[in-house]
Amino acid sequence: MVTFSYFGHSCFTLSDGKTTLLFDPFFTNNPLATITAEQVECQYILVSHAHFDHLGDAVAIAKRTGAMIISTAEVTHLCADQGCTVHGMNLGGSYRFDFGKVRVTFALHSSGIAGGTACGFVLHFGDQVIYFAGDTALFGDMKLIGHKEKIDYALLPIGDNFTMGLEDAAMAAQWLNAKHVIPIHYNTWPPIAQDPEKFKELAESTSRAEVHIVSSGNSLELK
């Protein structure tokens, strides 16, 4: 059993009861966060890109917990220079860690670091295949991701302005052929204010996905 715990924006954990993976750990100055960076525990930190609201507190948390940071080469070089344990990857690459397999996917977004690229992740973790899109626009190769991977849960940004909005995220759900979708990256600030219930209605009417709206501070058992 894998548990998804949400802390607002794109910050969440996945845990199978033995290993906890932390994603895009934006706690400090996150108006939706329900805990602080000092309260979270994890063994791995996965970072989609280096914008402040995604790289966030990764270095501080990694130093405190000893967690390994997994990201693209440029982000991991930055973190290694600050004394963190890292594992660098790049687009299209996959690696089997002790908790499961991670594949790095393309994301259509700026990177926040010179020479870098934004990314997403497909994880084979516990008994689930989970796709975290990261910050991204809609792109045609989402069809390829859905063809290559039988996705149980897709975590998709819906906030618009910086990423996909409701309509594009609903199309992504269709292209990915995901069984379940969890919307993220919305309502943190006024420019990305969205009604997740509208997304749920749209996505469920145009794809096979069941949409689960998880508010910050709450968890969902992935089944």
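Residues numbered from 1 in each chain as written. Predicted model: local features only at pLDDT ≥ 70, side-chain atom pairs only at ≥ 80, totals over all residues. Heavy atoms only, no water.

**Comments concerning the overall build of the protein**
This is how the line gets drawn: Numbering of helices and strands runs from the N terminus, with a helix taken as a DSSP run of H or I at least four residues long and a strand as a DSSP run of E at least two residues long. Our radius of gyration looks at C-alpha atoms and nothing else; its globule reference is 2.2 Å times the residue count to the power 0.38. Only protein chains enter the accessibility calculation, which uses a 1.4 Å probe; a residue whose area is less than 20% of its type maximum is buried, one above 50% is exposed, and one in between is partly exposed.
Helix and strand content of the protein: six helices and 14 strands. Relative to the 2.2 N^0.38 estimate, which gives 17 Å for 223 residues, the radius of gyration of the protein is 16 Å and therefore close to what a compact globule would have. A principal-axis box enclosing the C-alpha atoms of the protein has dimensions of 50 × 35 × 35 Å. Sorting the 223 residues of the protein into buried and exposed places 55% on the buried side.

**Description of the pairing of strand β6 (residues 86-89)**
The criterion, for reference: Two strands pair if DSSP finds at least two bridges between them.
The side-chain alternation of β6 yields one buried face, formed by H87 and M89, and one unburied face, formed by V86 and G88. Where strand β5 (residues 68-72) meets β6, four bridges bridge the pair, whose relative direction is parallel. Counterpart to S71 in the pairing with β6 is G88.

**Structural notes on the packing of helix α5 (residues 166-176) against helix α6 (residues 196-206)**
When two helices pack together, their arrangement is given by the angle between the helix axes and by the axis-to-axis distance. Rule in force here: Lines fitted to C-alpha atoms define the axes, with helix axes restricted to the stretch in contact, and inter-axis angles between N-to-C directions lie between 0 and 180 degrees. By convention the crossing between two helices is left-handed if the near helix lies anticlockwise of the far one by an angle smaller than a right angle, and right-handed if it lies clockwise. Whether two residues touch is decided by their heavy atoms; if any such pair falls within 4.5 Å, the residues are in contact. We call Asp, Glu, Lys and Arg charged. Ala, Val, Leu, Ile, Met, Phe, Trp, Tyr, Cys and Pro are nonpolar, and the rest, Gly among them, are polar.
With their axes 9 Å apart at the nearest point, α5 and α6 run at an angle of 35 degrees to one another. The chirality of how α5 crosses α6 is right-handed. Between α5 and α6, the contacting residues are L166, E167, A169, A170 and Q174 on the first element and K198, F199, L202, A203 and T206 on the second. Here the residues of the contact of α5 with α6 are counted per class, giving six nonpolar, two polar and two charged.

**Some details on the sheet that holds strand β7 (residues 94-97)**
Each strand in a sheet pairs with its neighbour through backbone hydrogen bonds, running either in the same direction (parallel) or in the opposite one (antiparallel). As summarised here, the arrangement of the seven strands in space is β7-β8-β9-β10-β11-β12-β13, forming an open sheet in which the pairing is mixed. Whereas interior strands pair on both sides, the edge strands pair on one side only; in this sheet they are β7 and β13 (210-211). Examined bridge by bridge, strand β8 (residues 100-106) and strand β9 (residues 119-125) share seven bridges and lie antiparallel to one another. Counterpart to V102 in the pairing with β9 is L123. Running at roughly 155 degrees to strand β11 (residues 153-157), α5 makes contact with β10 (128-132), β11 and β12 (180-184) of the sheet.

**Overview of the packing of aromatic side chains**
To keep it simple, the criterion reads: Put simply, two rings from Phe, Tyr or Trp (the six-membered ring, in Trp's case) pair if the centres are within 6.5 Å, and we call them stacked under 30 degrees between planes, edge-to-face over 60, tilted for the rest.
Across all of its chains, the model carries 15 aromatic pairs by this definition. Judged by centre distance (5.7 Å) and plane angle (80 degrees), the rings of F23 and F132 are edge-to-face. Of this pair, F23 sits in strand β3 (residues 20-23) while F132 sits in strand β10, placing them 109 residues apart in sequence. Ring plane angle 65 degrees and centroid distance 6.0 Å describe the contact between Y44 and F97, whose orientation is recorded as edge-to-face. Taken together, the residues span a long stretch of sequence, with Y44 in strand β4 (residues 44-46) and F97 in strand β7 at a distance of 53 residues. For the pair formed by Y44 and F97, the shared burial category is buried.

**Concerning the pairing of β7**
Strand residues, when the strand is regular, have side chains that alternate between the two faces of the sheet. Note that β7 and β8 share four bridges and pair antiparallel. Paired with S94 across the two strands is R103, which belongs to β8. Linking two consecutive strands that pair antiparallel, namely β7 and β8, is a turn of two residues.

**Focus on the side chain of E149**
If you trace the backbone, E149 turns up in the loop between α4 (142-148) and β11. Note on E149: relative accessible area 7%, which makes it buried. Residues within four places of E149 in sequence aside, it is in contact with R103, V122, H124 and V129.

**Considerations on the environment of E204**
Tracing the backbone shows E204 in helix α6. With near-sequence residues (within four places) excluded, E204 lies in contact with A209, E210 and V211.

**Things to note about the sheet that holds β5**
Ordered by their spatial adjacency, seven strands build an open sheet running β6-β5-β4-β3-β2-β1-β14, and the pairing between neighbours is mixed. A single partner strand is all that each edge strand has here, and the edge strands are β6 and β14 (219-222). For this sheet, the mean angle separating the axes of adjacent strands, direction not counted, is 20 degrees. Where helix α2 (residues 58-65) meets the sheet, its contacts fall on β3, β4 and β5, and the angle it forms with β4 comes to roughly 165 degrees. Sheet strands touched by helix α3 (residues 73-80): β5 and β6. Its angle to β5, the strand with the most contacts, is close to 145 degrees.

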